[in-house]
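Letter by letter, the chains look like this.
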Amino acid sequence: MGFSEGGVVVNQLNEELSYWDSKSSKGSVDVSQGGTALLTHSLLVPATASDVLSSISEFHYVDVSLNCAGAYITDHDVIKGVANYVCHTSNSLCFALHGTPRQWSDPNRPWIQAERDRMLQLLNEEAKRCKGRLLLAEKKYFDGRPRSLLMHFAILEVMDMG
């Protein structure tokens, strides 16, 4: 889950998934098989990068924003790589975009809505290849209310992760 500027961390994880798929397609990594996880103090800890990436089943973008471009992934190659990763594994992956008018309707930062729309378009296109295993959800909160900083933080209390 990435909240506000934390969306760039979620973007980076997607970059890694895309890169991981490009390595696996060259035969250097088998993404279909998990590695051995370590059992440490009754916690299951992924032991390899493949284990970490394959343990992700959902990405939640929560009212993400930046004061410059880059809040959402708009690079088709990255989204295509993520879709390829999903297609090459038995895992499903869900992208959930949660937002408020504070970010999604800000007239001073129109690129946020444009980037969100572009990312959803790319995900929808690539999801068609993944046999129902690349899932999308878009949820808007506080619709119809005036934009405010308070709603930006209140989304954390009311958001639906299901």
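Residues numbered from 1 in each chain as written. Predicted model: local features only at pLDDT ≥ 70, side-chain atom pairs only at ≥ 80, totals over all residues. Heavy atoms only, no water.

**Student:** Talk me through the packing of aromatic side chains; I want residue IDs and the actual numbers.
**Tutor:** Tallied over the full model, the rule gives three aromatic pairs. On the numbers, 5.8 Å between centres and 55° between planes, the contact of Phe 3 with Phe 153 is tilted. Placement of Phe 3 in strand β1 (residues 2–3) and of Phe 153 in helix α6 (residues 149–158) is noted, with a sequence separation of 150 residues between them. Above the plane of the ring of Trp 104 lies Arg 116, whose end atom (NZ or CZ) is 4.3 Å from the centre. (Phe/Tyr/Trp six-rings, centres within 6.5 Å; stacked < 30°, edge-to-face > 60°. Helix = DSSP H or I, 4+ residues; strand = E, 2+ residues; numbered from the N terminus. Lys NZ or Arg CZ within 6 Å of the ring centre and 35° of its normal.)

**Student:** Describe a negative patch on the surface, with residues and values.
**Tutor:** Residues Glu 15, Glu 16, Asp 75 and Asp 77 make up a contiguous surface patch of negative charge. Tracing the backbone through its elements, the reader meets Glu 16 in helix α1 (residues 7–25). Note on Glu 16: relative accessible area 33%, which makes it partly exposed. (Patch = residues over 30% accessible without salt bridge, like charges linked within 9 Å, V, L, I, M, F, W, Y side chains within 5 Å. Areas by Shrake-Rupley, 256 points an atom, 1.4 Å probe, with all protein chains shown as cover. Salt bridge = Lys/Arg side-chain N within 4 Å of Asp/Glu carboxyl O. Lys, Arg positive; Asp, Glu negative; His and termini not counted. Charge placed at Lys NZ, Arg CZ, Asp CG, Glu CD. Buried < 20%, exposed > 50% of the residue type's maximum accessible area, 1.4 Å probe, protein only.)

**Student:** Which residues make up the sheet that holds strand β4 (residues 58–62), and what values go with them?
**Tutor:** Pairing is parallel in the open sheet, where four strands are placed in the order β1-β4-β5-β6. Edge positions in the sheet fall to β1 and β6 (134–140), since each of these pairs with one other strand and no more. Pairing geometry for β1 and β4, over two bridges, is parallel. Bridge assignment links Gly 2 to a residue of β4, and that residue is Tyr 61. (Pairing = 2+ DSSP bridges.)

**Student:** Give a description of the confidence of the model for the chain that names residues and reports values.
**Tutor:** For the chain, the mean per-residue pLDDT works out to 87, and 83% of the residues sit at or above 70. In this model, residues 27–33 is a region of pLDDT below 50 whose contacts with residues beyond four sequence positions or in other chains number 12 contacts. (pLDDT = per-residue confidence, 0-100. Contact = heavy atoms within 4.5 Å.)

**Student:** How would you summarise the nonpolar core if you had to cite specific residues and measurements?
**Tutor:** One finds Phe 59, Tyr 61, Tyr 72, Leu 93, Phe 95, Met 119 and Leu 134 to be the most contacted residues of the largest nonpolar core, which totals 30 residues. For this core, the secondary-structure elements that each account for two or more residues are α1, β4, α3 (76–88), β5 (93–99) and α5 (110–127). Those residues in contact with Leu 134, other than ones at most four positions away along the chain, are Ala 83, Val 86, Leu 93, Phe 95, Leu 123, Glu 126 and Ala 127. Val 62, Met 151, Ala 154 and Ile 155 belong to the second-largest nonpolar core, a separate cluster that totals seven residues. (Core = buried A, V, L, I, M, F, W, Y, C linked by side-chain atoms within 4.5 Å.)

**Student:** Just give me the short version of the pattern of salt bridges, but keep the residues and values in it.
**Tutor:** Tallied over the entire structure, the rule returns seven salt bridges. A salt bridge links Asp 106 to Arg 109; its shortest N-O distance comes to 2.8 Å. Its relative accessible area of 9% is what places Arg 109 among the buried residues. Between Asp 143 and Lys 140 there is a salt bridge, with its nearest N and O atoms 3.4 Å apart. Put simply, Asp 106, Arg 109 and Arg 147 are held in one network by salt bridges that share partners.

**Student:** Describe the side chain of Asp 106, naming the residues involved and giving the relevant values.
**Tutor:** With respect to the helices and strands, the residue Asp 106 is situated in the loop between α4 (101–104) and α5. Residue classification places Asp 106 among the buried residues on the basis of a relative accessible area of 9%. At 2.8 Å, the side chain of Asp 106 and the backbone nitrogen of Asn 108 are in polar contact. Residue contacts for Asp 106: discarding those within four places in its chain leaves Pro 101 and Arg 147. (Polar contact = N/O pair within 3.5 Å; in protein donor to acceptor, adjacent residues only side chain to side chain.)

**Student:** Account for the environment of Asn 124, with residues named and values stated.
**Tutor:** Mapped onto the secondary structure, Asn 124 falls in helix α5. Among the residues examined, Asn 124 registers a relative accessible area of 42% and is labelled partly exposed. Distance in space between the C-alpha atoms of Asn 124 and Leu 136 is 7.6 Å, their sequence separation being 12 residues.

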